[in-house]
Amino acid sequence: MGMLSLPGFLSCGKKKDFSLSNEKDAHASDSNENLERGNWSNKGDYLLSMVGYAVGLGNVWRFPYLTYQNGGGAFLIPYTLMLALAGLPLFFMECSLGQFASLGPISVWRILPLFQGVGITMVIISTFVAIYYNVIIAYALYYLFASFQKVLPWSACFSWADEFCSKTRLVSDCNATLDGEIIHANYSFITSNNLTCINGTMNYKPVQFPSEQYWNKVALQRSSGLDETGNIVWYLALCLLLSWMIVGAALFKGIKSSGKPSVSALQGGVSVLSQPQLFCRMAPLKLAFFGFLAIGSSCCHFSSGTKVVYFTALFPYVILLILLVRGATLEGALDGIEYYIGRQSNITKLMEAEVWKDAATQIFYSLSVAWGGLVALSSYNKFHNNCYSDAILVCVTNCVTSVFAGFAIFSILGHMAFVSERPVSEVVDSGFDLAFVAYPEALSRLPVSPLWSFLFFFMLLLLGLDSQFATIETLTTTIQDIYPKVMKKLRIPITLGVCILLFFLGLICVTQAGIYWVNLIDHFCAGWGILIAAVLEIIGIIYIYGGNRFIEDIEMMIGKKSRLFWLWWRMCWFFITPVLLMAILVWSLVTFSPPTYGSVLYPAWGTAVGWCMIIFCVIWIPIAAILKIVKAEGNLCQRIVSCCRPAANWGPYLECNRGERYSHVVDSKKEKEHEIPTVSGFVYTQQ
């Protein structure tokens, strides 16, 4: 009684167990047009997973800190341009690519065998990001546990604080009248002699808020720089272990050795990338907070009552709105908002290449473009799904959430700037401080602050875990692509083994210098890497495979469109997007400056390690290309040309969708393609 009634395009249909099988199961759902791979049962499942995959910690943590770092509201200009000129075109391209071929991020490169290394690069970048992403989840866990106190430990300057810790302005010196003469003295002399400062003559000490000192001195035990590794911070290591245990346990529970998943039982026999309904189970952890859990509860058999669904659906917006309202009532809040969208924005920042690079990478980071996951999720759509409208909806929802979170945090920064007598741009040292300094500071000012602190960090925890689930399943799916028989027998120990390995690799990030490592990986891998992958992806598909040919492929799915409809997309795909990305990449390389964490400079060897990480990510692109050329037939020129042609079995997965254009496609069951080992590797046949 009282259950939410959903529109037809969002409803999940009947509550039946959705199962995938490698055989044509007689009991398969009627909505499955692809009985071998399976399909999303309806558009609601797909949208739930896509928005869930895109909306995450990046919206409430990474976007505000990049905005803060890159001139405030000025950053919204390149951010909006990058969304329109790069984010949306690439998002639509990847969704169309996965839906057309019904293949994952590596096998989909049958479209252009020479570029299959791009898919490998995406997976390796995801591995690096998974290492530090779980460290951020560990930070959220630590603050979550710290909230179980009557008084929040960062609400005041306790025993760990130094003389610069204060929530109010501290007078350093001033002018006063003594025996009829005006003197200038420090404030301790003024107070000890019962004198009064003359208005307008007071100078203030630079102060740090308790939340800032708690973050650096207690939570991180931060050292002076990357050179000073220090000890492992044991409680952060335990939180990191717990976060990996949660990820491992969730994926462990999602596995069933029989190989036949049943979502209603929260079990599954194949990975997320070959089982869309497992995303339906995991994505509500995130999307529940963004208005879609009603869908997820319907399709995934959540038995929670309607009231719980409504509560969780609006939960993060309520939290952010409360923080915004509280922040807006504090002195100086207007300065923060003006820095975000007003006259205090630093427009001169737009002349720096790094700002444009950050805008592009944030779009990719937030929308999950050039990571491979969009291709994987879209590969389970029905062939004639309208992927165009899906791309617009997901992108707009994601970016609006980011901008809304920015209002909440900058109102608080404005107050912190007012109290500390500093410009808004100098209130906190670096990006991560926004999530773990500004937000906690606002939470400490709310009534019943421990409750709100718990709810906020619980929200961060769930947002982060959901994305981490998808990332780890991407890695295990890649292993399955290479060793399908081994993974079929040992999926559980291999999945847990991946979690254990990444936990040990992440221990360097929970030392006293850990925050510097987190920042280093984020700067290089989540920046340069995805830019390079995106550039090669669009060049390969548009210029080598053929942009007009790709548009014809899309029209096979969504129907014939007018030239006017394709005008914008042609402009972006053929010219604007690749030129823009190439320009940003080259410009940022030419104007490269070593990374910093706030005012802390990185040593030369630290920068070298960063470059080594990014080289390790992209080196597989030429390696894969060379392997393809070596295994092809003919002279060198013929081999290169053959590797630049689609594989013999490239085209729609189902024969009924191929039409006349792809009637020549070789059936994957009969013919094998020459490919770097994947689950569906087939020997390439030269045409």
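As the structure is a prediction and not an experimental result, all values here were calculated from the model. (Residues numbered from 1 in each chain as written. Predicted model: local features only at pLDDT ≥ 70, side-chain atom pairs only at ≥ 80, totals over all residues. Heavy atoms only, no water.)

What to know about empty space enclosed by the protein
Applying the stated criterion across every chain, the model contains 6 cavities of 30 Å³ or more. Volume-wise, the largest cavity comes out at about 290 Å³. Along the wall of the largest cavity there are 22 residues; nearest its centre are Y133, Y365, S368, S467 and T471. Contributions of two or more residues to the lining of the largest cavity are made by helix 1 (43–54), helix 2 (57–69), helix 4 (116–146), helix 13 (353–367) and helix 17 (449–482). Here the residues of the lining of the largest cavity are counted per class, giving 9 nonpolar, 12 polar and 1 charged. When its volume is computed, the second largest cavity comes out at roughly 70 Å³. (1 Å grid on protein atoms, 1.4 Å probe; cavity = no way out; pocket = protein on both sides within 12 Å on 5 of 7 lines; lining within 4 Å. Points joined across faces, edges and corners; volume = space filled by probe spheres on them. Helix = DSSP H or I, 4+ residues; strand = E, 2+ residues; numbered from the N terminus. Nonpolar A, V, L, I, M, F, W, Y, C, P; charged D, E, K, R; others polar.)

Side note on the pattern of salt bridges
Under the counting rule described, the total for this entry stands at 7 salt bridges. Here K349 makes a salt bridge to E352, at a shortest N to O gap of 3.8 Å. For E352, a relative accessible area of 36% gives the class partly exposed. In this structure, D553 and R661 form a salt bridge, with 2.8 Å as the shortest nitrogen-oxygen distance. Pair noted here: D553 is in helix 19 (residues 514–558) and R661 is in the segment after helix 23 (636–643), with a separation of 108 residues, a long-range link. (Salt bridge = Lys/Arg side-chain N within 4 Å of Asp/Glu carboxyl O. Buried < 20%, exposed > 50% of the residue type's maximum accessible area, 1.4 Å probe, protein only.)

Looking at the nonpolar core
Nonpolar side chains tend to gather and get buried jointly when the protein is soluble and globular. By size, the foremost hydrophobic cluster in this structure holds 195 residues, and its most contacted members are F91, W215, F364, I472 and W573. Broken down by element, the residue count for this core peaks at 25 residues, all from helix 19. Core analysis: the next-biggest nonpolar cluster, separate from the first, contains 6 residues, C174, A185, I190 and L195 among them. (Core = buried A, V, L, I, M, F, W, Y, C linked by side-chain atoms within 4.5 Å.)

Some details on the packing of helix 21 (residues 604–618) against helix 22 (residues 620–631)
A pair of packed helices is characterised by two quantities: the angle between their axes and the separation of those axes. Their axes nearest at 5 Å, the elements helix 21 and helix 22 cross at an angle of 25°. With respect to helix 22, the axis of helix 21 lies roughly parallel. Touching F616, C617 and V618 of helix 21 are W620, I621 and P622, all from helix 22. When grouped by side-chain class, the residues that make up the contact of helix 21 with helix 22 number 6 nonpolar, no polar and no charged. (Axes fitted to C-alpha atoms, helices over the stretch in contact; angles between N-to-C directions. Parallel < 35°, antiparallel > 145°, perpendicular 65-115°, else oblique. Contact = heavy atoms within 4.5 Å.)

Notes on the state of the cysteines
Under the criterion given, the structure shown has 2 disulfides. Put simply, C157 and C165 are joined by a disulfide, and their sulfur atoms are 2.0 Å apart. Residues C157 and C165 are joined through a disulfide that is left-handed, its torsion about the S-S bond being -90°. Take C165: its relative accessible area is 9%, and that puts it in the buried class. If the cysteines joined by disulfides in the chain are listed in sequence order, their pairing comes out as 1-2, 3-4. The thiol of C399 is unpaired, and the distance to the nearest cysteine sulfur, on C395, comes to 6.4 Å. Of the residues examined, C399 reaches a relative accessible area of 6% and is grouped as buried. (Disulfide = S-S within 2.5 Å.)

Digging into the pairing of strand 2 (residues 181–186)
Note that strand 1 (residues 171–178) and strand 2 share 6 bridges and pair antiparallel. Looking at the pairing, C174 lines up with A185 of strand 2. Taken together, strand 1 and the strand that follows it, strand 2, pair antiparallel across an intervening segment of 2 residues, in which D179 is found at a positive phi of about 55°. (Pairing = 2+ DSSP bridges.)

Overview of a nonpolar patch on the surface
A cluster of nonpolar side chains, namely F145, F148, W234, L238, L241, L242 and M245, defines an oily patch on the protein surface of about 740 Å² accessible area. Per element, the largest residue contribution to the nonpolar patch is 5 residues, and it comes from helix 7 (residues 234–253). When you line up the elements, L238 lands in helix 7. When its relative accessible area of 49% is taken as the criterion, L238 is described as partly exposed. (Patch = residues over 30% accessible without salt bridge, like charges linked within 9 Å, V, L, I, M, F, W, Y side chains within 5 Å. Areas by Shrake-Rupley, 256 points an atom, 1.4 Å probe, with all protein chains shown as cover.)

A closer look at the packing of helix 4 against helix 19
Relative to each other, helix 4 and helix 19 sit at 150°, their axes nearing to 10 Å. Compared by their axis directions, helix 4 and helix 19 come out roughly antiparallel. The element helix 4 and its partner helix 19 pack so that their crossing is left-handed. Only I515, V518, I521, D522, C525, A526, G529, I530, A533, L536 and E537 of helix 19 make contact with helix 4, whose side of the interface consists of V118, M122, I125, F128, V129, Y132, V135 and Y139. (Left-handed = near helix turned anticlockwise from the far one by under 90°.)

Topic: the packing of aromatic side chains
Tallying each qualifying case throughout the model produces 50 aromatic pairs. Note on F128 and F616: the rings are 6.3 Å apart at their centroids and 85° apart in plane angle, and the pair reads as edge-to-face. Here F128 is found in helix 4, whereas its partner F616 is found in helix 21, with 488 residues between them in sequence. On the basis of an interplanar angle of 70° and a centroid distance of 5.4 Å, the ring pair of F524 and W611 is categorised as edge-to-face. Residue F524 is located in helix 19, and its partner W611 is located in helix 21; the two are separated by 87 residues in the primary sequence. Relative accessible area serves as the criterion here: at 0%, F524 is assigned to the buried category. For W611, a relative accessible area of 26% translates into the label partly exposed. (Phe/Tyr/Trp six-rings, centres within 6.5 Å; stacked < 30°, edge-to-face > 60°.)

Here's the deal with the sheet that holds strand 1
The strand order across the open sheet formed by 3 strands is 2-1-3, and the pairing between neighbours is antiparallel. One side of each edge strand has no neighbouring strand; the edge strands of this open sheet are strand 2 and strand 3 (203–204).

Remarks on the confidence of the model for the chain
Chain-level pLDDT for the chain is 78 on average; 80% of the residues reach the 70-or-more range. Least confident of the elements in the chain is helix 10 (residues 293–299), whose mean pLDDT is 36; most confident is helix 22, at 94. Across residues 1–30 the pLDDT falls below 50, and counting only partners more than four positions away or on other chains, this stretch makes 55 contacts in the model. Across residues 253–313, where pLDDT falls below 50, the model places 165 contacts with residues more than four positions away in sequence or in other chains. (pLDDT = per-residue confidence, 0-100.)

Regarding the environment of A84
With respect to the element layout, A84 can be found in helix 3 (residues 76–101). Residue A84 is classed as partly exposed on the basis of its relative accessible area, which comes to 30%. As for A84 and T577, which are separated by 493 residues in sequence, their C-alpha atoms are 9.4 Å apart. Residue contacts for A84: discarding those within four places in its chain leaves P89, W568 and C572.

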